[in-house]
Amino acid sequence: MAPSSHQSKRFISVIAATLVALACGTNYAYSAWAPQFAQRMKISATESNFIGAAGNLGMYASGIPLGLLTDARGPRLTTFLGAIALGLGYYPIYLAYEGGPGSLGTFFLSFFSFLTGLGSCSAFSASIKTSASNFPEHRGTATAFPLAAFGLSAFFWSTISTVLFKDDTGRFLLLLALGTCILNFISIPFLRILSPADPYMPLGRDRSPGVESRRLRNTRSTELPPGHEDSDEAGTQRYNISGPHPPVHSRSQSNASNPPAPSHNPDVNETSSLVPKDPFRTSHESVPEHEGEEIEDDAMSDVTPDSPHPDVRGLAMLSRVEFWQLFLTMALLSGIGLMTINNIGNSAKALWKYYDDSASSKFIQQRQVMHVSILSFGNFIGRLLSGIGSDLLVKKLNMSRFWCLFISALVFTITQLAGSSISNPRQLAIVSGFTGIAYGFLFGVFPSLVAHNFGINGLSQNWGVMTLAPVFSGNVFNLLYGHTYDRHSVVGPDGDRECPDGLACYQAAYYTTFVSGVAGLAVCLWTILREKRIHGAMRKKLEHDRLA
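Just so it is clear, the model here is predicted, and its values are computed rather than measured. (Residues numbered from 1 in each chain as written. Predicted model: local features only at pLDDT ≥ 70, side-chain atom pairs only at ≥ 80, totals over all residues. Heavy atoms only, no water.)

Asks: Can you lay out the overall build of the chain for me, pointing to particular residues and giving the numbers?
Replies: Secondary structure assignment for the chain yields 17 helices and four strands. Of the contacts made within the chain by residues no fewer than 6 positions apart, 82% connect residues no fewer than 24 positions apart. Put simply, the chain shows about 21600 Å² of open surface, and 65% of that area lies on carbon and sulfur atoms. (Helix = DSSP H or I, 4+ residues; strand = E, 2+ residues; numbered from the N terminus. Contact = heavy atoms within 4.5 Å. Areas by Shrake-Rupley, 256 points an atom, 1.4 Å probe, with all protein chains shown as cover.)

Asks: Explain the packing of aromatic side chains to me, using residue names and the numbers behind them.
Replies: Considering all chains together, one arrives at 23 aromatic pairs under this definition. Relative to F380, the ring of F377 lies with its centre 5.9 Å away and its plane at 45°, an arrangement referred to as tilted. Taken together, the positions of F377 and F380, both in helix 12 (residues 361–396) and three residues apart, correspond to about one turn of that helix. Aromatic pair Y481 and Y506: ring centres 5.7 Å apart, planes at 20°, arrangement stacked. Of this pair, Y481 sits in helix 16 (residues 469–487) while Y506 is found in the loop between strand 4 (497–498) and helix 17 (507–547), placing the two residues 25 residues apart along the sequence. Assigned by exposure class, Y481 and Y506 land together as buried. Three or more aromatic residues joined by ring pairs make a cluster, and in this case those are Y28, Y60, F124, F150, Y439 and F443. A cation over a ring is seen here: R367 above F363, with NZ or CZ 4.6 Å from the ring centre. (Phe/Tyr/Trp six-rings, centres within 6.5 Å; stacked < 30°, edge-to-face > 60°. Buried < 20%, exposed > 50% of the residue type's maximum accessible area, 1.4 Å probe, protein only. Lys NZ or Arg CZ within 6 Å of the ring centre and 35° of its normal.)

Asks: Quick one: what's the story with the confidence of the model for the chain, residue by residue and with numbers?
Replies: In low-pLDDT regions, the fine details of the predicted coordinates are not to be read closely. The predicted model of the chain averages 77 in pLDDT, with 75% of residues at 70 or higher. Here residues 198–309 is a poorly scored stretch, pLDDT under 50, and it has 240 contacts once near neighbours within four places are set aside; other chains count. (pLDDT = per-residue confidence, 0-100.)

Asks: Run through the nonpolar core, naming residues and quoting values.
Replies: Grouped together as the largest cluster of nonpolar side chains are 104 residues, with contacts concentrated most on W33, F37, F446, M466 and Y506. Among the elements that take part in this core, helix 11 (residues 321–355) stands out by supplying 14 residues, more than any other. Two domains share this core, each providing at least three of its residues, namely domain 1 (1–194) and domain 2 (311–547). Discounting residues that sit within four places of it in the chain, W33 has contacts with Y90, I93, T169, F172, L173 and L176. (Core = buried A, V, L, I, M, F, W, Y, C linked by side-chain atoms within 4.5 Å. Domains from an automatic or database assignment.)

Asks: Which residues make up helix 16, and what values do they have?
Replies: For helix 16, spanning 19 residues, the distance from its first C-alpha to its last is 28 Å, which sits close to the expected 27 Å at 1.5 Å a residue. All of the buried residues along helix 16 are A469, P470, V471, S473, G474, F477, N478, Y481, G482, T484, Y485 and D486. (Expected span 1.5 Å × (residues − 1).)

Asks: Could you give an account of the pattern of salt bridges, with specific residues and numbers?
Replies: In the structure shown here, the tally under the stated rule is two salt bridges. A salt bridge links D168 to R171; the shortest N-O distance between them is 3.9 Å. (Salt bridge = Lys/Arg side-chain N within 4 Å of Asp/Glu carboxyl O.)

Asks: Can you tell me about helix 4 (residues 63–73), naming the residues and giving the values?
Replies: Taken as a whole, helix 4 has its buried residues at G63, L66, G67, T70 and D71. The buried side chains of helix 4 occupy one side of the element, clustering within an arc of 140° when seen end-on. Looking one or two places after helix 4, you find G74, whose phi comes out positive at around 90°. (Arc of directions from axis to C-beta.)

Asks: Report on the packing of helix 4 against helix 5 (residues 75–99), specifying residues and quantitative values.
Replies: Orientation of helix 4 relative to helix 5, taken along the N-to-C sense of each, is 135°, at an axis distance of 7 Å. It follows from the interaxial angle that helix 4 and helix 5 lie oblique. Counting all contacts with helix 4, which are made through L66, L69, T70 and R73, the residues of helix 5 involved are P75, L77, T78 and L81. Tallied by class, the residues present in the contact of helix 4 with helix 5 amount to five nonpolar, two polar and one charged. (Axes fitted to C-alpha atoms, helices over the stretch in contact; angles between N-to-C directions. Parallel < 35°, antiparallel > 145°, perpendicular 65-115°, else oblique. Nonpolar A, V, L, I, M, F, W, Y, C, P; charged D, E, K, R; others polar.)

Shown next, in the form of structure tokens:
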């Protein structure tokens, strides 16, 4: 295959993966249609939040099995499953809206909402797999496109609906059912995992031949020899290339453990932009063979002091303090974000009804869509800033990436104060905008922290475990908001529910999430101080061994 044609197919695959990701973030658009849906179906705010939480459950709880399926069978199958699940999820919800009250019970509405989350997770894992596998040498850049598209998804679909359908909620749901399904289907033929023209093997200077032979023996589908250019079933092929095995320099043995070289696994859910570019590097490669040899900065980026647990995965993480620090932080912060994401529409409705009783339903719906768009764009900006910011912290300032997590927690906490005090609906954009930024910051930097603590080898399944945290906290905070809103609501003769109390309709929920934000700040500071102490001790030990 000509190099230019080969390269073009890889670019086309990334473009297709980006289109897939654009269809996968529609759960963040829930607030754009949920209030009108609840009013039409005559359901309470608690029931509406339960339906939204079911979508979050499908998105986050299915990460582990769908990630493993993508690894084993390739991106086309999981994209196909995602397209089917999205269509089967949104279309019955559209039919229920058209049918009106009683056409479908809360249980079935929650089940179909769960399918939308499941479909989003399935197709999104395929988009990340495709992008990362086609450009392993530029994985951060390649995955940045689907990550950005995922963050902008809610803005994209809500804007199309506003332009084409003039705030018709029924047609918006039909657009989500057909648009997300079709966009995934038309992208499937172009989702191909192609090897680089030359097998990808980034080498530092004067590396040990023994290290190179270990790399070759672990070749995976993203490093296929030139004769094997196309693999649609990524993760199923293995190639064994024999080579000599000269002994590694003795200094390597004294300074680091001797784990087997990890296989290249670029598939990461919601991730990869901050993951180290070369997952093959082990502690063997980080030690110079000669006392006076200069060491490249990049070659030293993944040495043992930077990764205290080079390969910990699954249940083995449960015994690590680092796991509970990260899991608790994710639970405390992601639940805050999900509560606002799912309920910013209700907040806007409550404030406008109280602030200006002449505001029409159409006007309020336009404001709800506007806040969803602001949230989506803030999510996109947060992901970009966390990537650039964490690299700046590590490379330029020699600081921990955990400070990015601290920034996310700080923004979340301050935003909860704003959410509990803003009574003017014209200022509500502060809450939606900064919630989106903090949420993007959280998910932009978190996967790299998982890789930093437990290694890149098992990152897919470890990240899947971490995304179970939003399932618990998201449900708790969403139901808390719904319960608070319902206590202040008045049910009219025709079954319509209205909350006439403005900020008081949900203020107590933001008091609770403020406490959660403060707790998140405390856990972040604890993690930073503990990491600094551990890494300081490890560096002293390595310096002692080097001088011994």
